[in-house]
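Structural overview
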Amino acid sequence: MLSSRTQAVDSDVVVIGAGTAGLAAARHVCDAGLTVTVLEAAEEIGGRMATGSRDGFLLDRHSALTAPGLPEEAVCRLTGGALLHGPDGYVHRVGETVPARSGTGGGAGGAAGEEQTEDGRSLIAAFDHSWLRANLARLGQLSDERLTARPELPAAVALTARGIPARIAEGSLRPLLAALLHDPQLATSSRLSDHALRAFARDGLALAAGGAAAVPRALAAGLPEGTVRTGVRATAVSTSRVETARHGTVRCRAVVVATGAREAGRLLPGLRVPRFRPVTVLHHAVPGTPPQAGPELLIDTARDRGPLAYTLVASAVDPSRAPEGAALVTSVVLGHAAGEPAEILDKAARPQLAALHGTPTADWQLLAAHHDARAVPLNPPPYAGPRRTRLLDGLYVCGDHRGADDLATAATAVTALLQDFGRPATTEPHTSAAA
């Protein structure tokens, strides 16, 4: 009998899932000179990296604030960094890459509200602002070795155990980390929270140019015609074949499972499936004069103004997301509140949006509310690092449930695959998504 490496096959490799991880894995396989077939159960590619459209607006279904592995021309930077809106009207700007505009607070010139001198609050605000900027800059310079040498704790505990002034830890860093990690309880391992803060200090924040769906579209465009087959649901896998619901059997020499965690667990019994945190994304159309906020993230550090963790004028970051003469405001709800019905969230968010954006919101139109109960994998301590992507010789798995991001885990999985095939393992996280 012929081995799975030499038997007649339909494709060298079958990738299950046409999200970012699956399409990046397929690109790596093609780059290595192997044939690949991508099977996607949905009728469209992209998975959670989907972008809807309505009345000329581009509406992402997910809430990523970073775009690791993408080339600079494929991202739009939040050059204004993050604005931390405190309960007393003070605003601290951190992480900006351009000088702050006058009137928005923070920036290189100091903390917002310094003209308010009563009770010495301006001195406190100035100290907090300087502390944040200096310590984030210091964190950005730490090596991986020094970062991982820190004791591992839940992120919330680390804030109180590292000598950070309590006012700054709770009033500034906690809401900033909650936004970066999408974890309002900060139960995430401090290994990951430290890396998230360092990445913010080094690279800032970014959105995918043209909407999140532009990433999988660009990856798919680099594949040979006919590689991706949509509407094909895999029902069982092995190292040499994939059974499908209505399209027969696809024979191969290796399989890469690049689906979400629950589907991967169905196809690969015994695979560890993590728990997840929910996220709801709200998109509002703003007619006429746009909000004053520029390419920056507005984080609410007051905990009683409304359900939103943060908001941004997405069209100020990426103008392609809104038609001419209008603006798109995208906001995110985390934790238990994310499970509330859209109409309740919209009503509760309006006063908060008005306070953060400094403008009435009565005429804003709710375009979409996207709820994902399994948006972000839970990674409490102890965090052992990225999970293995090679299960057997010929069977691999990748996706954000296996590591930090889709592109990195796809590269790791295909590196192992190429080694098993006896080919040079030269893959890196795919940075040609916009090519």
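Residues numbered from 1 in each chain as written. Predicted model: local features only at pLDDT ≥ 70, side-chain atom pairs only at ≥ 80, totals over all residues. Heavy atoms only, no water.

1. A word on the layout of surface pockets
Selection rule: Cavity means a closed set of points on a 1 Å grid over the protein atoms alone, one where a 1.4 Å probe fits but cannot get out, pocket means an open set with protein on both sides within 12 Å along at least 5 of 7 lines, and lining means a residue has an atom within 4 Å of a point. Grid points are joined across faces, edges and corners, and a volume is the space filled by probe spheres set on the points. Think of it this way: any DSSP run of H or I at least four residues long counts as a helix, any run of E at least two long counts as a strand, and we number them from the N terminus. Gly falls in the polar group here, along with every residue not listed as nonpolar (Ala, Val, Leu, Ile, Met, Phe, Trp, Tyr, Cys, Pro) or charged (Asp, Glu, Lys, Arg).
Of the voids in this model, the second largest pocket is the one considered here, and its volume is about 420 Å³. Lining the second largest pocket are 19 residues, and of these Pro184, Asp300, Arg303, Leu308 and Ala309 sit closest to its centre. Going through the elements one at a time, helix H5 (166-181) and strand S16 (308-313) are the ones with two or more residues in the lining of the second largest pocket. The biggest single contributor to the lining of the second largest pocket is H5, with four residues. Its residues assigned to classes, the lining of the second largest pocket comprises ten nonpolar, six polar and three charged.

2. Concerning the packing of helix H1 (residues 20-31) against helix H7 (residues 214-221)
This is how it is decided: All axes are obtained by fitting lines to C-alpha atoms, using only the stretch in contact for helices, and the reported angles, taken between N-to-C directions, cover 0 to 180 degrees. Oblique is the label for any angle not covered by the other classes, which are roughly parallel (under 35 degrees), roughly antiparallel (over 145) and roughly perpendicular (65 to 115). Each crossing is labelled by how the near helix is turned from the far one, with a counterclockwise turn of less than a right angle marking it left-handed and a clockwise turn marking it right-handed. In this analysis, two residues are considered to be in contact whenever any of their non-hydrogen atoms come within 4.5 Å of each other.
Two elements in contact, H1 and H7, have axes whose closest approach is 9 Å; the angle formed by their N-to-C orientations is 25°. With respect to each other, H1 and H7 are oriented roughly parallel. Crossing angle aside, the handedness with which H1 passes H7 is left-handed. Along the contact surface, H1 presents Thr20, Leu23, Ala24 and Arg27, while H7 presents Val215, Pro216, Ala218, Leu219 and Ala220. Taken together, the residues that form the contact of H1 with H7 break down as seven nonpolar, one polar and one charged.

3. Regarding the UniProt feature "domain: Amine oxidase" (unreviewed entry) in the protein chain
Rules: UniProt positions are given in the numbering used here, feature names are shortened, and annotations may be inferred rather than shown by experiment.
Here, the residues flagged by UniProt with the feature "domain: Amine oxidase" (unreviewed entry) are residues 172-405. Between the first and last C-alpha atoms of residues 172-405 the distance is 26 Å; the span itself is 25% helix and 30% strand.

4. Re the environment of aspartate 194
For clarity, the threshold we go by: Accessibility here uses a 1.4 Å probe with only protein chains present; expressed as a share of the type maximum, an area under 20% marks a residue as buried, one over 50% as exposed, and anything in between as partly exposed.
In this fold, aspartate 194 is placed in helix H6 (residues 190-203). Look at aspartate 194 and you get buried, because its relative accessible area is 5%. Separated by 199 residues in sequence, aspartate 194 and aspartate 393 have C-alpha atoms that sit 34 Å apart. Discounting chain neighbours no more than four positions away, the residues touching aspartate 194 are Leu139, Leu147, Arg150 and Arg162.

5. A few points about the sheet that holds strand S11 (residues 241-244)
Note the threshold: We treat two strands as partners when DSSP finds at least two bridges between them.
Pairing in this open sheet of three strands is antiparallel, and the strands run S10-S11-S12 from one edge to the other. Edge strands, defined here as strands with exactly one partner in the open sheet, are strand S10 (234-237) and strand S12 (249-251). The sheet shows a mean angle of 20° between the axes of neighbouring strands, direction not considered. For S11 and S12, the ladder comprises three bridges, and the chain directions are antiparallel. Bridging across to S12, valine 242 finds its partner in valine 250.

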